[in-house]
Amino acid sequence: MNGPRVLAVDIGGTKFAAAVIDEDGTVCARAEEAIAGADPAEVLGRVIAATDPAGVVAAGIGTAGPLDRARGTVSPVNIPAWRDFPLAATVGDRLPGVPVVMAGDAQCMALGEWWRGTARDRAGALLGIVVSTGIGGGVVLDGRPHLGPTGNAGHIGHITVDPRGEPCPCGAVGCVETFASGPAMVRWAAGQGWTLPPGSPADARSLAAAARAGDEVAQAAFDRAAEALATGLLTTAALFDLDRVVVGGGVAAAGDTLLAPIRRALLARDGMAFLRRLRVEPSTLGRDAGLFGAAALARLHAPGA
Ligand SMILES: [Zn+2]
């Protein structure tokens, strides 16, 4: 192992993971545990203890939201036991004197991809998006995450791409998420007459399998989602002069079923010359992107960084 080590913690909706990672990105120790009815604070304590974090110089936490970075609290939708839970302080209590910093899970995914993933050639400006039951995102500019004053920057799922579109639970209409989240795609396809093969779950994976098998409605659902995503990506790219977009999450596991129509839509719409260099790639780190991002975040806040 090399150089100072940091503790990375990934708080998901159903499981927690922790790892001690050195400055080369080598994972020195890691642990993971499902919450599954247990007290989440106890699960958190166990996964951290299992990594033996003595001697780390900083800790980074990527967490499901909502979160309040200023107060260090979280209220993850899928963890009802935690409402305004003091996550940063709870981790800090185990690591006296060590700085603890927290960001959203999608922001950490973006930072992890920037540090250790496909964009390791140090893309100057990168957007990471997680396309799953919801759509999250995070932006890395000049090698640092742009988290925003409240910690909520990167909410690409709630960019409006159709001002006359469907209402979104966020209160706006026609958000990217109303087209391209897994449940939105399945709902739209069902409304167009797509029927689920017997025994398959009603999710984006089944829809992707149908699209690959040539089902036209399923393919149209992916094309429609891709067009909405491409519009959101181009909007973001125009604002930030992005080099790269890295796409992860359960819906993105469909691979080229989703990415190919996104690339086509980008080619059809990129007005400005600087947008034409935008590259869209799948995540290569998968679920580990969040842990690596939390480690990268910790490194930025380590003493002397
Ligand atoms: Zn919305």
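Computed from a predicted structure; not experimentally measured.

Moving on, we get to the coordination of the zinc ion. In an ideal octahedron of six donors the angles at the metal are 90 or 180 degrees, and in an ideal tetrahedron of four donors they are 109.5 degrees. Protein coordination at the zinc ion comes from His-158 (ND1), Cys-168 (SG), Cys-170 (SG) and Cys-175 (SG), with a distance range of 2.0 to 2.3 Å. Viewed at the metal, the four donor atoms of the zinc ion are separated by angles of 105 to 120°, and the geometry they form is tetrahedral. The sequence motif formed by the donor residues of the zinc ion is H-x9-C-x1-C-x4-C. Of this pair, His-158 sits in the loop between strand S10 (144–145) and helix H4 (177–180) while Cys-168 sits in the loop between S10 and H4, placing them ten residues apart in sequence. On the basis of relative accessibility, which here comes to 7%, the residue Cys-168 falls in the buried class.

The next point concerns the domain arrangement of the protein. Interfaces are often sized by the amount of accessible area the parts lose when they come together. Split into domains, the protein comes out as domain 1 (6–108 + 288–300) and domain 2 (122–284). Measuring from the centre of the C-alpha atoms in domain 1 to the corresponding centre in domain 2 gives 27 Å. Every contact between the two is made by seven residues of domain 1 and, on the other side, 13 residues of domain 2. Contact between domain 1 and domain 2 buries roughly 820 Å² in total, counting both sides, with carbon and sulfur atoms accounting for 59%. The largest contributions to the domain 1 side of the interface with domain 2 come from Ala-106, Gln-107 and Leu-300, which together make up 65% of the buried area. Where domain 1 touches domain 2, the interface holds two residue pairs in polar contact (both at pLDDT 80 or more). Residue assignment for the side of domain 1 that touches domain 2 shows that the elements contributing at least two residues are helix H3 (105–116) and helix H9 (289–300). Each residue belonging to the side of domain 1 that touches domain 2 can be placed in one class, and the counts come to five nonpolar, one polar and one charged.

Our focus in this paragraph is the pattern of salt bridges. By the definition in use, this model includes twelve salt bridges. The closest approach of N and O atoms between Asp-68 and Arg-71, which form a salt bridge, is 3.5 Å. Judged by its relative accessible area of 25%, Asp-68 is partly exposed. Here Glu-281 makes a salt bridge to Arg-244, at a shortest N to O gap of 2.8 Å. With Glu-281 in strand S12 (residues 279–282) and Arg-244 in strand S11 (residues 244–248), this pair connects stretches of sequence that are 37 residues apart. Judged by relative accessible area, Glu-281 falls into the buried class, the value being 13%.

How each quantity is defined
Residues numbered from 1 in each chain as written. Predicted model: local features only at pLDDT ≥ 70, side-chain atom pairs only at ≥ 80, totals over all residues. Heavy atoms only, no water. Donors = N, O, S within 2.8 Å, 3.2 Å for Na, K, Ca; no water. Tetrahedral: all angles 85-135°; square planar, octahedral: opposite > 155°, others 65-115°. Helix = DSSP H or I, 4+ residues; strand = E, 2+ residues; numbered from the N terminus. Buried < 20%, exposed > 50% of the residue type's maximum accessible area, 1.4 Å probe, protein only. Domains from an automatic or database assignment. Contact = heavy atoms within 4.5 Å. Buried area = accessible area lost by both parts, 1.4 Å probe. Polar contact = N/O pair within 3.5 Å; in protein donor to acceptor, adjacent residues only side chain to side chain. Nonpolar A, V, L, I, M, F, W, Y, C, P; charged D, E, K, R; others polar. Salt bridge = Lys/Arg side-chain N within 4 Å of Asp/Glu carboxyl O.

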